[in-house]
Amino acid sequence: MFDILIKNANEIVKEDGILQGDIGIRNGRIECMGNSFCKELSHAQTVIDATNKTVLPGFVDCHTHLVYAGSRHFEYELKTAGETYSSIHKKGGILYTVEQTRKAGIEELVEKGLKDLDIMLQHGTTTAEIKSGYGLDEKNELKILYTIKVLQKLHPITIIPTFLGAHTIPEEYKQNRQGYVNLVKSMIPEVKGMVEYCDVFCDKLGFTYEESKEILEEASKHGLKLKIHAEQTGYNQGAKLAAELKAVSADHLDYITEKEMEAMKQADVTAVLLPGVTYHLTELIPGNKNQKRFLPRKVRTMIEKGLRVAIATDYNPGSCRTQSMKAIMEAAARLYRMNNREIINAATINAAYALNRANEIGSIAVGKKADLVVHDCEEHGILVDNFGVNLVDTVIKDGEVVYQR
Ligand SMILES: [Zn+2]
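None of these values were measured; they are calculated from a predicted model.

1. What about the sheet that holds strand β7 (residues 125-131)?
Reasoning step 1: Read from one edge to the other, the open sheet built from 8 strands follows the order β6-β7-β8-β9-β10-β11-β12-β13, with strand pairing classed as parallel. Edge strands, defined here as strands with exactly one partner in the open sheet, are β6 (59-61) and β13 (309-311). Strand-to-strand twist in this sheet, taken as the mean axis angle between neighbours without regard to direction, amounts to 25°.
Reasoning step 2: As paired elements, strand β11 (residues 249-252) and strand β12 (residues 270-273) share 3 bridges and run parallel to each other. For Ser249, the partnering residue across the bridge sits in β12 and is Thr270.

2. Details of the domain arrangement of the chain
Reasoning step 1: Its domain assignment divides the chain into domain 1 (2-57 + 362-404) and domain 2 (59-353).
Reasoning step 2: Each of domain 1 and domain 2 has a C-alpha centre, and these two points are 30 Å apart.
Reasoning step 3: Counting from both sides, the interface comprises 19 residues of domain 1 and, opposite them, 20 residues of domain 2.
Reasoning step 4: Each residue belonging to the side of domain 1 that touches domain 2 can be placed in one class, and the counts come to 11 nonpolar, 5 polar and 3 charged.

3. Points about the pairing of strand β3 (residues 29-34)
Reasoning step 1: Pairing geometry for strand β2 (residues 17-26) and β3, over 5 bridges, is antiparallel. Among the inter-strand pairings, Asp22 is bridged to a residue of β3, identified as Gly34.

4. Quick word on the environment of Ile30
Reasoning step 1: Assignment of secondary structure puts Ile30 in strand β3.
Reasoning step 2: Through-space distance from the C-alpha of Ile30 to that of Arg297 is 38 Å; in sequence the pair is 267 residues apart.
Reasoning step 3: Leaving out residues up to four positions away in the same chain, Ile30 has contacts with Ile23, Ile25, Ile364, Ala365, Val366, Gly367, Lys368 and Ala370.

5. Details of unusual backbone geometry
Reasoning step 1: Positive phi, close to 50°, is recorded for Glu231, a residue that is not glycine.
Reasoning step 2: Within the element layout of this structure, Glu231 appears in the loop between β10 (225-230) and α8 (238-244).
Reasoning step 3: One non-glycine residue with positive phi stands out, namely Thr282, at about 50°.
Reasoning step 4: Position of Thr282 relative to the elements: it lies in the loop between α10 (275-280) and α11 (295-304).
Reasoning step 5: Residue Thr282 is classed as partly exposed on the basis of its C-beta count, with 17 C-beta atoms lying within 10 Å.

6. Observations regarding the nonpolar core
Reasoning step 1: Judged by nonpolar contacts, the single largest core of 127 residues is most densely connected at Val55, Ala242, Ala250, Ala271, Ala310, Ile311 and Ala351.
Reasoning step 2: The residues that make up this core include at least three from each of domain 1 (2-57 + 362-404) and domain 2 (59-353).
Reasoning step 3: Apart from the residues lying within four places of it in its own chain, the contact partners of Ala271 are Ala250, Leu253, Met264, Met302, Leu307, Arg308, Val309 and Ala310.

7. Quick look at the environment of His229
Reasoning step 1: Counting through the fold element by element, His229 comes out in strand β10.
Reasoning step 2: Sequence separation between His229 and Cys202 is 27 residues; the distance between their C-alpha atoms is 5.7 Å.
Reasoning step 3: His229 has contacts with Asp199, Val200, Phe201, Cys202, Asp203, Gly206, Gly238, Asp251 and His252, leaving out every residue within four places of it along the chain.

How each quantity is defined
Starting afresh in each chain, residues are numbered from 1 along the sequence in its written order. Residues qualify for local features only when their pLDDT is at least 70, as the model is predicted, and side-chain atom pairs are given and counted only at 80 or more; totals for whole chains, interfaces and linings, by contrast, use all residues. One bridge is not enough; two strands pair if DSSP finds at least two bridges between them. Numbered from the N terminus, helices here are DSSP runs of H or I no shorter than four residues, and strands are runs of E no shorter than two. Axis definition: a line fit to C-alpha positions, over the contact stretch in the case of helices; interaxial angles, taken between N-to-C directions, run 0 to 180 degrees. Here the limits of each domain have been adopted from an automatic or database domain assignment. Working definition of a contact: two residues with C-beta atoms, positioned from the backbone, lying within 7 Å. In this classification, the charged set is Asp, Glu, Lys and Arg, the nonpolar set is Ala, Val, Leu, Ile, Met, Phe, Trp, Tyr, Cys and Pro, and all remaining amino acids, among them Gly, are polar. Residue burial here comes from a neighbour count, namely the number of other C-beta atoms, placed from the backbone, that lie within 10 Å of the residue's own C-beta, with 20 or more meaning buried, 12 or fewer meaning exposed, and in between meaning partly exposed. By definition, a nonpolar core groups buried Ala, Val, Leu, Ile, Met, Phe, Trp, Tyr and Cys residues that are joined through C-beta atoms within 7 Å.

Structure representation (structure tokens):
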């Protein structure tokens, strides 16, 4: 007897094609799928009727800054008035959120975190990475990482923690950059038991190539896997560094050149694109001082070169305030001109690669974890086409129904 039987789906979206029919789930895993394979049809504890519906793997959101306090919605009108992310950064930006987050207690951060995770789950996300990075001192970075630990215990979404002490230089170290780099390095032995990844914002708003390298090499020595925020607001050699250090992913990549694309491919680094940031910061709109007019072409070149391309929300209070992977998929089509198959794989299996979990999650296959979402639409293309609305019907996490509309 199955624990759950998803019955009569119009589309079961696999990594490399579409099936129709049923999915049998037992002990948290996918046991069978398709028309002819699930023979124990009538025997299941829970039967989910998926007639005229589409089943996808749960979305994997491989890049978020979910733990923070305060809101920066007041910045949005500055953005629509034409101010750039860099100019807003000088007036507050990340450091405003740092100020608010330092003031907040763990309870407040947990409460807000759970609320955000609920929204994610309701939009079909079953695995999410969360970075620290709004503490920027030992006490507050630990507070954020502890918050993430509590969220892991309390919420059904699988949470992968990342240490991003090197998010930006805090106010008190503006005149002593090396002092802050040293502080981040000194935190690594302390946080290494709490996180899986170390990340650095390698950018003119964050850390230089050399500073980033110093921090990531220290993290690597302590057994952490690596991620890099690379080439977001300009060319800063972050993608090159990702390839040199064999990082698991390099994220953003708006200003990447073909040379680094090739280096990343050689080093098997996943390219994580964040089209929600492009949308939210109006970066493709003429008149924006930071207009990134060649971005869609760049994305196409990455795909044509065979780079593994993932997408993520980058959920954060400044450059992309959405918890919805569907919103990101919509933006990937409209702004980066990715096709539906590229987009769905980018939001699932390729994002699982970006978290080193492609053997367990990110696709519908026998033996894999039963992290599945039934969407109330007949075909997967409708998810990209029908923008601005949530079509999630049922979310199954580790073989259990955790959300039903
Ligand atoms: Zn980020």
